[in-house]
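Spelled out, the chains give:
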Number of protein chains: 2
Amino acid sequence: METFIKCDEEVSNIELVNKVKNNLLSDEEIFDLAELFKVFGDSTRMKIINALMKQDLCVCDIALITNSTPSAISHQLRVLKQAKLVKYRKEGKSVIYSLDDEHVKEIFEKGREHIEEI
Amino acid sequence: METFIKCDEEVSNIELVNKVKNNLLSDEEIFDLAELFKVFGDSTRMKIINALMKQDLCVCDIALITNSTPSAISHQLRVLKQAKLVKYRKEGKSVIYSLDDEHVKEIFEKGREHIEEI
DNA sequence: CAAACATATGAACAGATATTCACATGTTCA
DNA sequence: TGAACATGTGAATATCTGTTCATATGTTTG
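Residues numbered from 1 in each chain as written. Chains lettered and ligands numbered in written order. Predicted model: local features only at pLDDT ≥ 70, side-chain atom pairs only at ≥ 80, totals over all residues. Heavy atoms only, no water.

## A closer look at the overall build of chain A
Then, in step 1: Broken down by element type, chain A carries 6 helices and 3 strands.
Then, in step 2: A total of 118 residues make up chain A; the buried ones form 43% of that total. (Helix = DSSP H or I, 4+ residues; strand = E, 2+ residues; numbered from the N terminus. Buried < 20%, exposed > 50% of the residue type's maximum accessible area, 1.4 Å probe, protein only.)

## Some points on the protein's contact with DNA strand C
Then, in step 1: Residues in contact with DNA strand C amount to 24 residues; listed here are only the nearest, A:Cys60, A:Ser71, B:Thr44, B:Arg45 and B:Gln76.
Then, in step 2: The contact atoms of DNA strand C, taken as those within 4 Å of the protein, divide so that sugar and phosphate hold 75%.
Then, in step 3: Here A:Ser71 contributes a side-chain N or O atom positioned 2.7 Å from a base oxygen of DNA strand C.
Then, in step 4: A distance of 2.6 Å separates a phosphate oxygen of DNA strand C from a polar atom in the side chain of B:Gln76.
Then, in step 5: When residues of the surface near DNA strand C are traced back to their parent elements, those giving at least two are helix H4 (59–65), helix H5 (70–82) and strand E3 (94–99) of chain A together with helix H3 (43–54) and helix H5 (70–82) of chain B.
Then, in step 6: Across the surface near DNA strand C, the residue classes break down as 7 nonpolar, 10 polar and 7 charged. (Near = heavy atom within 4 Å. Polar contact = N/O pair within 3.5 Å; in protein donor to acceptor, adjacent residues only side chain to side chain. Nonpolar A, V, L, I, M, F, W, Y, C, P; charged D, E, K, R; others polar.)

## Some remarks on the domain arrangement of chain A
Residues and elements named next belong to chain A.
Then, in step 1: In terms of domains, chain A is made up of domain 1 (1–39) and domain 2 (43–118).
Then, in step 2: Facing the 4 residues of domain 1 at the interface are 6 residues of domain 2.
Then, in step 3: Buried area between domain 1 and domain 2, summed over both chains or domains, comes out near 390 Å², and the portion from carbon and sulfur atoms is 76%.
Then, in step 4: Per-residue buried area on domain 1 facing domain 2 is highest for Leu36, Phe37 and Val39; these three make up 93% of the total on that side.
Then, in step 5: Counting across the domain 1 and domain 2 interface gives 0 salt bridges. (Domains from an automatic or database assignment. Contact = heavy atoms within 4.5 Å. Buried area = accessible area lost by both parts, 1.4 Å probe. Salt bridge = Lys/Arg side-chain N within 4 Å of Asp/Glu carboxyl O.)

## A short note on the sheet that holds strand E1 (residues 57–58) of chain A
Residue and element names in this part refer to chain A.
Then, in step 1: On the basis of which strands lie adjacent, the open sheet formed by 3 strands has the order E1-E3-E2 and antiparallel pairing. Every interior strand has two partners, whereas the edge strands, E1 and strand E2 (86–91), have only one.
Then, in step 2: Both E1 and E3 contribute to a ladder of 2 bridges, which runs antiparallel. Within E3, the residue paired with Cys58 across the bridge is Ile96.
Then, in step 3: Here H5 sits on the sheet in contact with E2 and E3, set at roughly 120 degrees to E2. (Pairing = 2+ DSSP bridges. Axes fitted to C-alpha atoms, helices over the stretch in contact; angles between N-to-C directions.)

## Considering the protein's contact with DNA strand D
Then, in step 1: The full set close to DNA strand D counts 24 residues, and A:Thr44, A:Arg45, A:Gln76, B:Cys60 and B:Ser71 are the nearest of them.
Then, in step 2: The separation between a base nitrogen of DNA strand D and a polar side-chain atom of A:Ser71 is 2.8 Å.
Then, in step 3: At 3.2 Å, a backbone N or O of B:Val95 approaches a phosphate oxygen of DNA strand D.
Then, in step 4: Secondary-structure elements contributing two or more residues to the surface near DNA strand D are helix H3 (43–54) and H5 of chain A together with helix H4 (59–65), H5 and strand E3 (94–99) of chain B.
Then, in step 5: Of the residues that constitute the surface near DNA strand D, the class distribution is 7 nonpolar, 10 polar and 7 charged.

So, in structure tokens, the structure goes:
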């Protein structure tokens, strides 16, 4: 059974709707934005980011700090790397990860501000 | 078979690890932050936010603008409402939604800045 | 070189999540 | 009041996602 939507048949609202619609970001931009925030939307990854805000760290230390396994952390670091939120350098046996960009901290802090207001 | 992790047995690194660990947000704060960003991490919700940045809108108009159904939008508006990202008021037959807070726009824009840099 | 270790990766499983569909609720106004 | 409409909601489904486990890769150093 099909659902007919009659909402807003008045000309004025159709124009309003179209005006808003034409001012939105493209579907691709929206998708990329959502993908970015999806990366922030996981506790393990947020802990990693939080740790790297304090100190550059190797995978193994991040695992210790976050009470996780090196394997799980490695998987998540890949996600963070793909989103250009972290970068890495090699030092001896270790791979040292660090935040890639000031925006990471800024997004983190903006989120914190919102949380605190509730 | 248990995996023993030997990483960082030197005293200096144990101290470093503990220092970082003690400076992190609590698990609860991290969880709340991740939950917040999870809300931003969906294309439909991002479209809704983007539309509400331009104009306060009723459910039905949001559905038209986002090429979605009123039902799907209603479900997502509930998520946005619970995260205190949108608020609503009643006007006649309609329920008009709007952004709840300046942080919403700010987080959106910070994300955009990061995307643009890639 | 070989042992020891740090990191990466692929497959598999379990849990989370968005949409759809059917229907319920609640409002307006003729 | 009752038809028409706008919104909300619960269950079901299909898809996505994070962790685990086993194992591979690659590096250091004895």
